[in-house]
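Next come the chains, spelled out residue by residue.
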Amino acid sequence: MIKHIVMWKLKDVAEGKTKAENAETIKKLLEDLPSKITELRSVEVGINVLDGDDDAICDVVLTVICNNKEDLKSYAGHPDHQKVVSFIKKVVTERRVVDYFK
């Protein structure tokens, strides 16, 4: 199995919505993907609950599990995933990714 973890920092306001509203939108969009993309074994999305000005704090985290690198690549290029990516790019300031075998 391969685990894919992504963390984002969100803009305070983007697309006419607050950071909190956009975080909820991201969560919903990502959590809807397993019903559309069969290569996803699991998807978990968390929204940061602690306030702070620490540069290390991210606002949203995604954890995806796929069977293998090929499935992860298929998920990454899937049209439904790309629609979500398009929205996320509009509302984030920073992104970090880690992929590893579990």
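Relevant structure appears above.
Residues numbered from 1 in each chain as written. Predicted model: local features only at pLDDT ≥ 70, side-chain atom pairs only at ≥ 80, totals over all residues. Heavy atoms only, no water.

Caption draft 1: Here's a closer look at a negative patch on the surface. Negative charge collects at one region of the surface, where D51, D53, D54 and D55 lie side by side. Here D54 is to be found in the loop between β4 (40-47) and β5 (60-66). For D54, a relative accessible area of 47% corresponds to the partly exposed category. (Patch = residues over 30% accessible without salt bridge, like charges linked within 9 Å, V, L, I, M, F, W, Y side chains within 5 Å. Areas by Shrake-Rupley, 256 points an atom, 1.4 Å probe, with all protein chains shown as cover. Salt bridge = Lys/Arg side-chain N within 4 Å of Asp/Glu carboxyl O. Lys, Arg positive; Asp, Glu negative; His and termini not counted. Charge placed at Lys NZ, Arg CZ, Asp CG, Glu CD. Helix = DSSP H or I, 4+ residues; strand = E, 2+ residues; numbered from the N terminus. Buried < 20%, exposed > 50% of the residue type's maximum accessible area, 1.4 Å probe, protein only.)

Caption draft 2: Spatial organisation of the sheet that holds β4. A sheet is described by the order of its strands in space; here four strands give the open sequence β4-β5-β1-β6, paired in antiparallel fashion. Each end of this open sheet is capped by a strand with a single partner; those strands are β4 and β6 (92-101). When the angles between neighbouring strand axes are averaged without regard to direction, this sheet yields 15°. Where strand β1 (residues 2-10) and β5 come together, seven bridges link them in antiparallel fashion. (Pairing = 2+ DSSP bridges. Axes fitted to C-alpha atoms, helices over the stretch in contact; angles between N-to-C directions.)

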